[in-house]
Structure formats: structure tokens, C-alpha cells
Amino acid sequence: MAGVRAAIGHHMALIARISADEKVDGGLGPEDAILLARRLESRGVNALHVVTGSACDSPPWYYQHMALPEHVNESLASRVRSSVSIPVIAAGRLGGPDRIREILGEGSVDVVALGRPLVADPDLPRKMREGRDEDIITCGSCLQGCLARVKAGGPIGCIVNPELGHEEDPIPSNSGQGAHLAVVGGGPAGVTAALTAHKDRK
């Protein structure tokens, strides 16, 4: 930490990411996280980014898979926040606009970090600011197109955002050609394909 601070100086924030519960036998738990958070604060960290799990030993928790219970990360982040005076950031399946406003409004954390929700919809913050919550494409926390695809050696993808990685590619237009399209399958990818095709024909 001293080396990092010396390298970045005091004009840049130093943020530490900690797991408040590693979800493994013998791993760090909430009480350990509070002690660690206080130690980090005393060493000059400007903010704490609180998550759950371990990327190596309990990856479903660390990456917050859709099958796990909700609200775990923000609850643990709130416990850490009550023990330190520096800002606390929560992350993990917090891409719902109502949930973001609720968490920030009740003051349980200071900041909500968004990763995969911005992969699903890069315009999420702008749509929230403009009051267009119904237009937000929400992340389903499936980890299929993002984590699984990247770990398999491919480029990042998203089953609800087919434009990911192809933002500058024009969508071929069939307008005026009388083309018909059948989408087989009503999962997230099928629904997204149908909506994209419908948007193109408007």
C-alpha cells in the first residue's frame, strides 16, 4: 500500500476491494472484513469496494450468479460502512434502477458500482437520469456471454445486448424489401433479436 500510494501520489484516490465474506471454510468472514476495513482506513485508503466470495474458491459468490440470494453484498457493505468513516462502494447484481435509488436513498452505502449492467445497457445511467427506467435493458446475471465466454478464450458478449463488440457495425436493413423474419425461441436472446428486428423496421 505504501508503494502504491507513493506511486500515485495524493491527487488520486486509492480504493481497496475486499471480500466481506469469502464463503469458504476458513476464509474471511464479516468480522474479519471489519477489522481489515479499519486497518485499510488507518493506512490511508480513500474508499472501500465491498464484495462477497473469492474469485478462485467461491466464484459464483464473487461474480454474483443469478441463482444466489440477492441483497447479500449490500448488506455486508452496510455493516462495513457502519465501522469506518470513508466511503463504501457496493457491487454485485445492483443494476435495477429502483434498487440503486433505494440503496443510495437509505444511505446503507455511498456508491453503487456497475459492471455487467453497463455491458447489458451502456446507457443505463443516462436513462435513469432522464426518467426512462422502462427503456433500461437489465442484466440477468447469467454470466454466459460475459464471464463464461471470456474464460473460454472468446471476446466478451451479452445475451441481451447483441451490439456488444459491434457498436460501430451498421445493422443491415431490410426495410422496404418485404422480408419476413421468424424468431424461434423466447429466451433473452430470442426476445432481443425480435426487438432489434422490430426496431430496424420502424
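Preceding this paragraph is the structure being described.
Parameters at a glance
- Residues numbered from 1 in each chain as written.
- Predicted model: local features only at pLDDT ≥ 70, side-chain atom pairs only at ≥ 80, totals over all residues.
- Heavy atoms only, no water.
- Pairing = 2+ DSSP bridges.
- Helix = DSSP H or I, 4+ residues; strand = E, 2+ residues; numbered from the N terminus.
- Axes fitted to C-alpha atoms, helices over the stretch in contact; angles between N-to-C directions.
- Parallel < 35°, antiparallel > 145°, perpendicular 65-115°, else oblique.
- Left-handed = near helix turned anticlockwise from the far one by under 90°.
- Contact = heavy atoms within 4.5 Å.
- Nonpolar A, V, L, I, M, F, W, Y, C, P; charged D, E, K, R; others polar.
- Disulfide = S-S within 2.5 Å.
- Polar contact = N/O pair within 3.5 Å; in protein donor to acceptor, adjacent residues only side chain to side chain.
- Core = buried A, V, L, I, M, F, W, Y, C linked by side-chain atoms within 4.5 Å.
- Buried < 20%, exposed > 50% of the residue type's maximum accessible area, 1.4 Å probe, protein only.
- Phe/Tyr/Trp six-rings, centres within 6.5 Å; stacked < 30°, edge-to-face > 60°.
- Lys NZ or Arg CZ within 6 Å of the ring centre and 35° of its normal.
- Salt bridge = Lys/Arg side-chain N within 4 Å of Asp/Glu carboxyl O.
- Arc of directions from axis to C-beta.

**Student:** How should the sheet that holds strand E4 (residues 111-112) be read in this particular structure?
**Tutor:** Strands pair in a sheet through their backbones, by hydrogen bonds, and they do so in one of two ways: parallel or antiparallel. What the four strands build is an open sheet, ordered E1-E2-E3-E4; its pairing is parallel. A strand with exactly one partner marks an edge of an open sheet, and here the two such strands are strand E1 (15-19) and E4. Bridge analysis of strand E2 (residues 47-51) against strand E3 (residues 88-90) gives three bridges, and the strand direction is parallel. The residue of E3 that forms the bridge with histidine 49 is isoleucine 89.

**Student:** Explanation requested: the packing of helix H2 (residues 30-42) against helix H4 (residues 72-81) in the structure shown.
**Tutor:** In a packed pair of helices, the relevant descriptors are the angle between the two axes and the axis-to-axis distance. Their axes nearest at 9 Å, the elements H2 and H4 cross at an angle of 45°. Judged on the interaxial angle alone, H4 and H2 are oblique. When the axes of H2 and H4 are compared, the crossing they make is right-handed. Seen from H2, the contacting residues are Pro30, Glu31, Ile34 and Ala37; seen from H4, they are Leu76, Arg79 and Val80. Tallied by class, residues from the contact of H2 with H4 come to five nonpolar, no polar and two charged.

**Student:** Would you take a moment to explain the state of the cysteines for this structure?
**Tutor:** Disulfides are covalent bonds that connect the sulfur atoms of two cysteines. Here the structure, examined in full by the defined rule, presents zero disulfides. Between cysteine 56, a free cysteine, and cysteine 146, which holds the nearest cysteine sulfur, the sulfur-to-sulfur gap is 18 Å. No disulfide involves cysteine 158; its sulfur sits 6.5 Å from that of cysteine 139, the nearest cysteine.

**Student:** How should I be thinking about the side chain of serine 19 in this particular structure?
**Tutor:** Counting through the fold element by element, serine 19 comes out in strand E1. Only 2.8 Å separates the side chain of serine 19 from the backbone oxygen of glycine 53, close enough to count as a polar contact. If we skip the residues at most four places from it in the chain, serine 19 touches Ala33, Val51, Thr52 and Gly53.

**Student:** Whenever I open this one, the nonpolar core confuses me. Can you help?
**Tutor:** Nonpolar side chains tend toward joint burial in soluble globular proteins. Counting 29 residues, the largest nonpolar core has Val45, Leu48 and Val50 as its most contacted members. Within the residue set of this core, elements represented by two or more residues are E1, H2, E2, H4, E3, helix H5 (97-106) and helix H7 (124-129). With four residues, H4 is the largest single contributor of residues to this core.

**Student:** Would you mind showing me how to read the side chain of glutamate 74 here?
**Tutor:** Mapped onto the fold, glutamate 74 is located in helix H4. Judged by its relative accessible area of 5%, glutamate 74 is buried. With sequence-adjacent residues up to four places away left out, glutamate 74 is seen in contact with Ala90, Leu94, Arg99, Ile103 and Val109.

**Student:** I tried to follow the packing of aromatic side chains on my own but got confused; where do I start?
**Tutor:** Each aromatic ring pair is characterised by the separation of its centres together with the angle its planes make. Counted by the stated rule, this structure contains one aromatic pair. The interplanar angle of 90° and the centroid separation of 5.1 Å between the aromatic rings of tyrosine 62 and tyrosine 63 together place this pair among those described as edge-to-face. The aromatic ring of tryptophan 61 is capped on one face by lysine 23, whose charged end is 4.4 Å from the ring centroid.

**Student:** Hey, could you run me through the pattern of salt bridges in this one?
**Tutor:** Note on pairing: side chains with opposite charge can pair once their charged atoms come close. Applying the stated criterion across every chain yields a total of 11 salt bridges. Residue arginine 132 is joined to aspartate 135 by a salt bridge in which the shortest nitrogen-to-oxygen separation is 3.1 Å. Given the relative accessible area of 35%, aspartate 135 is considered partly exposed. Taken together, the shared-partner salt bridges connect Asp123, Arg126, Glu130, Arg132 and Asp135 into one network.

**Student:** Any chance you could explain H5 here in plain terms?
**Tutor:** Side chains three or four residues apart in an α-helix point the same way, a direct result of the helix having 3.6 residues per turn. Restricting attention to buried positions, one finds in H5 the residues Pro97, Arg99, Ile100 and Ile103. Angular distribution of buried residues about the axis of H5 spans 165°; they occupy a single face of the element. In H5, the exposed positions angled more than 90 degrees off the buried face are occupied by Asp98 and Gly105. Those residues of H5 that are buried lie in contact with H4, E4 and H7. Glycine 107 sits one or two residues past H5 and shows a positive phi near 75°.

Such coordinate-based values are descriptive only and should not be taken to indicate function.
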